[in-house]
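# Chains, contacts and geometry: an overview
Here is how the chains run, residue by residue.
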Amino acid sequence: VGAELPDRDIRVVHRADESGTSYIMSDYLSAVSDDWAKGPGRGMQIKWPAGSGGQGNEGISASVKATIGSIGYAEVVYARQNRLSVAHIQNSSARFIAPMSFEVASASASANANQLTSDLRGSLVNARGDQSYPIASFTWLLIIPEDIGERKTEQLVQFVHWALTDGTDIASQLGYVPLPMSTASRVLDQLDSTIKSVGFTRTR
């Protein structure tokens, strides 16, 4: 409030390709705007009412960096790598929040394991909590053991167990937020249950 803004057109940059990032962004816009929900709506590829398209997070970041007066959306890691300014977004508690690790973790914690569906789906968009950043998401792995065979399944499962336990420090160093312990435990339990159901075993 009271900020002086430049007399300049705002140039919108959006994803031209199908993207989970577009789904998260449009899901947030649909959650906070009835007009948006009725109009473009949510989806991996939608008809944006304005702007130009870019390919991938790299394309969005490059276009925003090169265009004066532009605004776009991308994974926060790409914004940091390209030294782009990031917006503080109003959350469900009417507070303007930056996309920092603690604020994303707050959103993740608000959607704890008990709120996930049986197949581990859940949304962090506009999550409750004073410190929750409102445009956040889990990342999913879609694993079909029968399609990749027992050996590759075993290797993949070993990796996931490492990533959600000992590997969390590396995730933080790369700019990502580890899952809450309760959520990670549920993911690993379901993963082990799934491979057992198809007759595969995990070497501990």
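Refer to the structure presented above.
Predicted model, so just to flag it, every value in this text is computed and none were measured.

## As for helix α6 (residues 145–163)
The end-to-end C-alpha separation of α6 is 19 Å, well short of the 27 Å expected for 19 residues at 1.5 Å each. Of all bends in α6, the biggest is about 85°, found at Arg-151. Taken as a whole, α6 has its buried residues at Pro-145, Thr-153, Glu-154, Val-157, Val-160 and His-161.

## As for the sheet that holds strand β2 (residues 52–54)
Paired through backbone hydrogen bonds, the strands of a sheet run either parallel or antiparallel to each other. Taken in spatial order, the 3 strands line up as β2-β1-β3 in an open sheet, and their pairing is parallel. Of all strands in the sheet, those bounded by a partner on one side alone are β2 and β3 (70–71). When strand β1 (residues 11–15) meets β3, the two strands line up parallel, connected through 2 bridges. Its bridge partner being in β3, Arg-11 is matched across the sheet by Ser-70. Helix α3 (residues 56–66) rests against β1, β2 and β3 of the sheet, and its axis sits at about 170° to β1.

## Description of the nonpolar core
Membership of the largest hydrophobic core is limited to 12 residues, which are Met-25, Tyr-28, Leu-29, Trp-36, Ile-46, Trp-48, Tyr-73, Ile-89, Ile-97, Val-125, Tyr-133 and Ile-135. With 3 residues, the top contributor of residues to this core is helix α1 (residues 20–32). Those residues within four positions of Ile-46 in sequence are excluded, and the remaining contacts are Ser-26, Trp-36, Pro-40 and Gly-41. Judged by nonpolar contacts, the second largest core, of 7 residues, contains Leu-116, Leu-120, Leu-124 and Ala-136.

## Regarding the pattern of salt bridges
Under the defined criterion, the tally for this structure stands at 4 salt bridges. Salt-bridge contacts for Asp-17 lead to Arg-15; the nearest nitrogen and oxygen are separated by 2.8 Å. Just as Asp-17 is buried, Arg-15 falls in that class too. Here Asp-119 and Arg-121 are joined by a salt bridge, their closest N and O atoms 3.1 Å apart. Using a relative accessible area of 39% as the deciding quantity, one classes Asp-119 as partly exposed.

Reading guide: rules and limits
Residues numbered from 1 in each chain as written. Predicted model: local features only at pLDDT ≥ 70, side-chain atom pairs only at ≥ 80, totals over all residues. Heavy atoms only, no water. Helix = DSSP H or I, 4+ residues; strand = E, 2+ residues; numbered from the N terminus. Expected span 1.5 Å × (residues − 1). Bend = angle between axes of the 7 residues up to and from the residue. Buried < 20%, exposed > 50% of the residue type's maximum accessible area, 1.4 Å probe, protein only. Pairing = 2+ DSSP bridges. Contact = heavy atoms within 4.5 Å. Axes fitted to C-alpha atoms, helices over the stretch in contact; angles between N-to-C directions. Core = buried A, V, L, I, M, F, W, Y, C linked by side-chain atoms within 4.5 Å. Salt bridge = Lys/Arg side-chain N within 4 Å of Asp/Glu carboxyl O.

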